[in-house]
Amino acid sequence: PDCMYALHSQMQVLMLTTQAVRNVVVLAPLLFGWLRARWAAQSMSQRRGSAKPAVIDQIEEELNRPAFPGMFHEYSEMVLQFGYLSLFAVAYPLAAALCFINNILERRTDAAKE
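Since this is a predicted model, take the numbers as computed values, not measurements.

Participant: How would you explain the overall build of the chain if you had to name every residue and give the values?
Facilitator: A count of helices and strands for the chain gives 4 helices and 0 strands. Going from the N terminus to the C terminus, the chain shows its helices and strands as α-α-α-α. Classification of the 114 residues of the chain by burial places 15% in the buried group. A sequence separation of at least 24 residues applies to 80% of the contacts in the chain between residues at least 6 apart. Accessible surface computed for the chain: about 8,800 Å², of which carbon and sulfur atoms make up 69%.

Participant: If you had to explain the side chain of Asn102 to someone new, which residues and values would you point to?
Facilitator: Counting through the fold element by element, Asn102 comes out in helix 4 (residues 95-113). Not counting chain neighbours up to four residues away, the residues in contact with Asn102 comprise Gln19, Asn23 and Gln81.

Participant: Before we move on, can you summarise helix 3 (residues 72-88) with the specific residues and values?
Facilitator: With 17 residues, helix 3 should cover 24 Å at 1.5 Å per step; its first-to-last C-alpha distance of 24 Å lies within 8% of that length. Of the residues making up helix 3, those classed as buried are Glu74, Glu77 and Gln81. For helix 3, the arc enclosing every buried residue in end-on projection is 60°, short of the 170-degree limit, so these residues lie on one face. In helix 3, the exposed residues that point more than 90 degrees away from the buried face are Phe72, Tyr75, Val79, Phe82 and Leu87.

How each quantity is defined
- Residues numbered from 1 in each chain as written.
- Predicted model: local features only at pLDDT ≥ 70, side-chain atom pairs only at ≥ 80, totals over all residues.
- Heavy atoms only, no water.
- Helix = DSSP H or I, 4+ residues; strand = E, 2+ residues; numbered from the N terminus.
- Buried < 20%, exposed > 50% of the residue type's maximum accessible area, 1.4 Å probe, protein only.
- Contact = heavy atoms within 4.5 Å.
- Areas by Shrake-Rupley, 256 points an atom, 1.4 Å probe, with all protein chains shown as cover.
- Expected span 1.5 Å × (residues − 1).
- Arc of directions from axis to C-beta.

Next comes the structure, spelled out in structure tokens:
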């Protein structure tokens with residue numbers, strides 16, 4: 001009955017899986033969009049005769065992007081993460097480092113989303 005070890009294990013699983021899943025969910029569409037843009041640019045350069053300038057292509061691509069849904073979800077993730085960190089820091093001290101790394105990744109992916 002070492003409750004601290006059980007809590008440590010549960011926090012470790014919770015922190016690692018939620019951060020991994022959230023980052024994959026955010027990065028997968030960005031990666032596929034980037035690959036699609038690369039393939040489109042390659043095919044466009046191969047059949048470029050009287051094609052539009054690259055600036056016009058970039059403007060059209062930005063116009064076709066979906067609207068950014070807002071920041072509520074991003075802030076709620078941060079508040080939930082801070083709650084886990086402050087409540088269970090004694091049971092899982094590595095959570096602070098994981099949260100820090102996750103916040104750096106979140107900042108980068110949020111910048112790419114906008």
